[in-house]
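Observations on the three-dimensional arrangement
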Amino acid sequence: MLTVVYFARYREALGVGEEQLPWSAELVTVNDVRAQLLTRGEAWQVLDEPKVMCARNQDMCRLETPIADGDEIAFFPPVTGG
Amino acid sequence: MLTVVYFARYREALGVGEEQLPWSAELVTVNDVRAQLLTRGEAWQVLDEPKVMCARNQDMCRLETPIADGDEIAFFPPVTGG
Amino acid sequence: MTITVQTACFDPGQLLNQLHADHLGVGAVVNFVGYVRDFNDGQAVAGMLLEHYPGMTEKALGKIVDEARARWPLLSVDVLHRVGRLEPGEPIVFVGVSSAHRQAAFDACNFIMDYLKTRAPFWKKEDTAEGPRWVDARESDDQALERWQQ
Amino acid sequence: MTITVQTACFDPGQLLNQLHADHLGVGAVVNFVGYVRDFNDGQAVAGMLLEHYPGMTEKALGKIVDEARARWPLLSVDVLHRVGRLEPGEPIVFVGVSSAHRQAAFDACNFIMDYLKTRAPFWKKEDTAEGPRWVDARESDDQALERWQQ
């Protein structure tokens, strides 16, 4: 199982902040999770933005970062704190 | 008349903080004042240090800066505030 | 070293004074305070909501501070960032750094802010006359980060 | 803009908070506080005497602040430097800068400190176990200044 979390503008656009996704061996990288989410329809295309940011287990990562069963994967727009 | 002031290590070495010097047309630059002071003897050689700093009328200046009657000329070692 | 994420307002002056707090080896303290402005990107701002990623926020800030400590000889580092509802004029973030040396304190504080701006999971949503809007990230913040990566 | 030279101790936190003081356009405040350390150049320091050049001090600080304001978009600038007798742990100098923008505040504060260190007529005389000694100027302070002159 994967936990997938969304923040800020993405969370609002998707209408969901957190969900569980079944683990599958085809999900090799963060980008594979994203590709699967993009098939869900129009609203999910926000994850296709060039500047989409992601984290694996609460560490900023790249879309190419490998993932494992049990991971927490996050997608969010560029950060604006400070 | 010129007012000449000394600070910190120089003031201590010279035993004087402020004095009046008669104005003379030969005193064209700050360095001319310094040269005259250097003739006073051993203690005054502190003013010959390569890093001697000077000010004319309370503005940092160079030894080559021209002076005028009535000026306040200062000699002091490199500053160490802050 | 303290890292704090909180909803409550705070007193920047008190944090500044605590940074020094009787450590007689401290020669220099540099600190940054970010405040909510009443105007941004051409619009009046009546307040903002600061969202974050609980858990990751603390972890990300911790890594940034660790990196700063690895680069410069620092004595203490204090990072406080607020989340939730903020009013114009209120402080958002405090980053304070103490060191024996001035330039280390300046550089470390600047570095922490540049990384915080681009690597810590906070998002601002401003209240404007035309309704709420998510603040866009600035290109200049990415450029600021690059200075430290060369 | 305030420039103050005084013998009395001061509260850095209070000065920091005053810098912001309900100006709702202030997005960023950066400040530097220099403290008397209990150790310097290999010797324990029991205190120091800070000499200055009355009249020139205020003039020199004013010119430095004017130059900073000409280079960066600043809202307020506050410089306070003490003179006379100082004890270890006490603050020596406060430089605080507010701006709408973070990097302007960082750079201006850093610039003012670099100029103050090399162009403002203050001299420190430390009390050590071997007696009083005048603090030597640092080569690194001259180098810091050169950054801004290129």
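Each remark here, short or long, concerns the structure printed above.
So, here is what we can say about the structure in this document. Computed from a predicted structure; not experimentally measured.

1. Re the overall build of chain A
- The helix and strand tally for chain A stands at two helices and five strands.
- From first element to last, N terminus to C terminus, chain A shows the α and β order β-α-β-α-β-β-β.
- For a compact globule of 82 residues, the expected C-alpha radius of gyration is about 12 Å, and chain A comes in at 12 Å, within 12% of that figure.
- With the C-alpha coordinates of chain A rotated into their principal frame, the extents come out at 35 × 30 × 20 Å.
- For chain A, buried positions account for 49% of its 82 residues.
- Summarising the internal contacts of chain A: among those between residues at least 6 apart in sequence, 52% fall at separations of at least 24.

2. A closer look at the packing of aromatic side chains
- Across all of its chains, the model carries 24 aromatic pairs over all chains by this definition.
- Aromatic pair F7 of chain B and Y53 of chain D: ring centres 4.3 Å apart, planes at 35°, arrangement tilted. Taken together, the positions of F7 of chain B in the loop between strand 1 (2-6) and helix 1 (8-14) and Y53 of chain D in the loop between strand 5 (47-52) and helix 2 (56-71) put the pair across two chains.
- Seen in terms of ring centroids, F32 of chain C and F106 of chain D are 5.6 Å apart; in terms of plane orientation they differ by 10°. Their pairing is stacked. Residue F32 of chain C is located in strand 2 (residues 28-35), and its partner F106 of chain D is located in helix 3 (residues 102-119); the two belong to separate chains.
- Each member of the aromatic cluster is reached from another via a ring pair, and the members are F7 and F76 of chain A together with Y53 and W123 of chain C.
- Sitting above the plane of the W44 of chain A ring, R40 of chain A keeps its charged end 4.4 Å from the centroid.

3. Comments concerning the packing of helix 3 (residues 102-119) of chain C against helix 4 (residues 139-146) of chain C
All names here are of chain C.
- Running from N to C, helix 3 and helix 4 cross one another at 130°; their axes reach a closest spacing of 9 Å. Comparing their axes, helix 4 and helix 3 come out oblique. Our pair here, helix 3 against helix 4, has a crossing hand that is left-handed. Contact with helix 3, carried on its side by D114, Y115, K117, T118 and R119, involves D141, D142, A144 and L145 of helix 4 and no other residues of that element.
- Tallied by class, the residues present in the contact of helix 3 with helix 4 amount to three nonpolar, one polar and five charged.

4. Comments concerning the pattern of salt bridges
- Following the criterion strictly, the structure yields 36 salt bridges over all chains and no others.
- As a salt-bridge pair, R11 of chain A and E51 of chain C come within 2.5 Å of each other at their nearest N and O atoms. In this pair, R11 of chain A sits in helix 1 (residues 8-14) while E51 of chain C sits in strand 5 (residues 47-52), so the two residues belong to two different chains.
- Here the salt bridges share partners, and the residues they tie into one network are R102 of chain C together with D114, D141 and R147 of chain D.

Calculation notes
- Residues numbered from 1 in each chain as written.
- Chains lettered and ligands numbered in written order.
- Predicted model: local features only at pLDDT ≥ 70, side-chain atom pairs only at ≥ 80, totals over all residues.
- Heavy atoms only, no water.
- Helix = DSSP H or I, 4+ residues; strand = E, 2+ residues; numbered from the N terminus.
- Rg over C-alpha atoms; globule rule 2.2 N^0.38 Å.
- Buried < 20%, exposed > 50% of the residue type's maximum accessible area, 1.4 Å probe, protein only.
- Contact = heavy atoms within 4.5 Å.
- Phe/Tyr/Trp six-rings, centres within 6.5 Å; stacked < 30°, edge-to-face > 60°.
- Lys NZ or Arg CZ within 6 Å of the ring centre and 35° of its normal.
- Axes fitted to C-alpha atoms, helices over the stretch in contact; angles between N-to-C directions.
- Parallel < 35°, antiparallel > 145°, perpendicular 65-115°, else oblique.
- Left-handed = near helix turned anticlockwise from the far one by under 90°.
- Nonpolar A, V, L, I, M, F, W, Y, C, P; charged D, E, K, R; others polar.
- Salt bridge = Lys/Arg side-chain N within 4 Å of Asp/Glu carboxyl O.

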